[in-house]
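Breakdown of the fold
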Amino acid sequence: MRVAAVVLKSLRERIRDALRDASGGDLFFNEPMKRHTTLRIGGPADIYVAPKDPGALANILASLESEDPAFMPLGGGSNLLVSDEGMEGIILSTAFLNAIEMVDEGDTWVRLFTGAGTPLQKLVTFARDKGYSGLEGLAGIPGLLGGAVKGNAGSFGNEIGDVIESLRCADAGGKTFTLGRERLSFCYRSSNLPERTVIIGAVMKLAKGDSDQVADKMKACIEIKRETQPISAWSAGCVFKNPEGTPAGRLIDGSGCKGMRRGDIEVSSLHANFFINKGNGTAADFLALMEDVRERVMKSFDIALETEIEVVGKHGKSDR
Ligand code: EPU
């Protein structure tokens, strides 16, 4: 059941007021989520709000009441499959929280505060230009810092969790707090970030390195990605987690799924763990293709693939 119109009306007004009382931001109603996902898939969100700064973000959260529908923080939408029916409640984008600031430094290290809305590649490029080391393997990964931290994004053995010292967060009531390293744990594609927590930014410690070496490593990572992954196609990156032992891509490829298709969604012929939206793909087709692939891999290898992307929508997280 959709959120009652009267609840939505009151919520829209309160959020509008909360933004007006702070530094403002973007506020859209019935916003197509396909505009905010790298897959270019997703129906309308009841409310999409992108506050200009952490004060406005806190104001919005403080304006929420217990009977309001849930909110979902949104980063770059690069690991997200949103249902065709869209999302109930509030999509809270951190895209404007995108500053990179020096906190302090020593002879061999530097500590940076990076806003959750900073594109990961803006941070990677910043580190490259300054010769800061620690993020080289993340070169070429799409999305914003907040989402990368929550899902512990990584590649080539380098994960964002490796360099995080603390997180600045807001809880569901708008209260801000810091989570120190001792309270954080990062595993393969996941972190222990509490539910209903919005990341405002992260403090990370990087080593002062040699600019040329840092740049060379990043260039090599991007070249490998370009050769092995369909980086310019509409996708959400790897669809399934790598099971222990054998990479999902090899299993999917080995069970003959490359090129398999449902509507406009296709298993990439370059990397089988990427599903591509060829133009007018839908979430329904994407989910159906996931099931086709799961079945084939189960039949061929007796291995159950686990979903890596975040699947949200009408009956997903936004309803909880
Ligand atoms: N392979 C195939 N066929 C394919 C794809 C891969 O046989 O279609 C084989 C490769 O030849 C290789 C092995 O599978 O022997 C592993 O492939 P690859 O090196 O491409 O790495 P991956 O395990 O598939 C992981 C991450 C990527 C990350 C790369 C590079 C997961 C699920 N994927 O891919 O992350 O970019 O390593 O470090 O952990 C993502 O998280 O969205 C993502 C793309």
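Up top is the structure these notes are about.
What comes next concerns the included structure.

Rules of the game
Residues numbered from 1 in each chain as written. Predicted model: local features only at pLDDT ≥ 70, side-chain atom pairs only at ≥ 80, totals over all residues. Heavy atoms only, no water. Helix = DSSP H or I, 4+ residues; strand = E, 2+ residues; numbered from the N terminus. Buried < 20%, exposed > 50% of the residue type's maximum accessible area, 1.4 Å probe, protein only. Salt bridge = Lys/Arg side-chain N within 4 Å of Asp/Glu carboxyl O. Phe/Tyr/Trp six-rings, centres within 6.5 Å; stacked < 30°, edge-to-face > 60°. Near = heavy atom within 4 Å. Polar contact = N/O pair within 3.5 Å; in protein donor to acceptor, adjacent residues only side chain to side chain. Areas by Shrake-Rupley, 256 points an atom, 1.4 Å probe, with all protein chains shown as cover. Nonpolar A, V, L, I, M, F, W, Y, C, P; charged D, E, K, R; others polar. Axes fitted to C-alpha atoms, helices over the stretch in contact; angles between N-to-C directions. Contact = heavy atoms within 4.5 Å. Arc of directions from axis to C-beta. Pairing = 2+ DSSP bridges. Parallel < 35°, antiparallel > 145°, perpendicular 65-115°, else oblique. Left-handed = near helix turned anticlockwise from the far one by under 90°.

Moving on: unusual backbone geometry. Phi at Asn 30 is positive, roughly 50°, even though this residue is not glycine. Here Asn 30 is to be found in strand β1 (residues 25-32). The exposure class of Asn 30 is partly exposed, given its relative accessible area of 48%. Even without being glycine, Arg 196 reaches a positive phi, approximately 55°. By secondary structure assignment, the location of Arg 196 is in the loop between β14 (190-191) and β15 (198-208).

Summed over the entire model, instances satisfying the criterion amount to 18 salt bridges. In this structure, Arg 111 and Asp 104 form a salt bridge, with 3.0 Å as the shortest nitrogen-oxygen distance. Residues joined by salt bridges that share partners form a network here, namely Arg 261, Asp 264, Glu 266 and Lys 278.

Scanning all chains against the criterion turns up 4 aromatic pairs. Where Phe 240 meets Phe 275, the ring centres are 6.2 Å apart and the plane angle is 75°; that geometry is what we call edge-to-face. You can see Phe 240 sitting in the loop between α5 (211-228) and α6 (248-254) and its partner Phe 275 sitting in strand β18 (residues 275-277), a full 35 residues away along the chain. What makes Phe 240 buried here is its relative accessible area of 1%.

Neighbouring the ligand are 20 residues, the closest being Phe 156, Tyr 188, Cys 238, Asn 242 and Asp 253. Here Cys 238 contributes a backbone N or O atom positioned 2.8 Å from an oxygen atom of the ligand. A distance of 2.9 Å separates an oxygen atom of the ligand from a polar side-chain atom of His 271. When the ligand is considered free in solution it has 820 Å² of accessible area, and contact with the protein chains removes 73% of it. If one sorts the elements of the shell around the ligand by residue count, α6 sits on top with 3 residues. Looking at the shell around the ligand residue by residue, the class counts come to 8 nonpolar, 7 polar and 5 charged.

Here we come to the packing of helix α3 (residues 120-130) against α5. Interhelical geometry of α3 versus α5 gives an angle of 145° and a closest axis separation of 7 Å. Of α5, the residues touching α3 (which contributes Val 124, Ala 127, Arg 128, Asp 129 and Lys 130) are Ser 211, Val 214, Ala 215 and Met 218. Counted by class, the contact of α3 with α5 contains 5 nonpolar, 1 polar and 3 charged residues.

Residues Leu 120, Leu 123, Val 124 and Ala 127 constitute the buried set of α3. Looking straight down α3, one finds that the buried residues subtend no more than 100° of arc, so they occupy a single side. After α3 finishes, the residue Gly 131 shows a positive phi value of roughly 80°.

The subject of this paragraph is the pairing of strand β7 (residues 109-115). Across the 7 residues of β7, 5 count as buried, placing the element largely inside the fold. Where strand β6 (residues 100-105) meets β7, 5 bridges bridge the pair, whose relative direction is antiparallel. Paired with Ile 100 across the strands is Thr 114, a residue of β7. Where β7 meets β15, 7 bridges bridge the pair, whose relative direction is antiparallel. Counterpart to Phe 113 in the pairing with β15 is Val 203.

Turning next to helix α2 (residues 54-62). Taken together, the buried positions of α2 are Ala 56, Leu 57, Ala 58, Ile 60 and Leu 61. Where the residues of α2 are buried, they touch α1 (5-20), β2 (44-51), β3 (71-74), β5 (87-93), β11 (164-170) and β15.

On to the packing of α1 against α2. Two elements in contact, α1 and α2, have axes whose closest approach is 8 Å; the angle formed by their N-to-C orientations is 150°. Considered as vectors, α1 and α2 are oriented roughly antiparallel to each other. As for how α1 packs across α2, the hand of that crossing is right-handed. Between α1 and α2, the residues in contact are Ile 15, Ala 18 and Leu 19 and Ala 56, Asn 59 and Ile 60, respectively. Here the residues of the contact of α1 with α2 are counted per class, giving 5 nonpolar, 1 polar and no charged.

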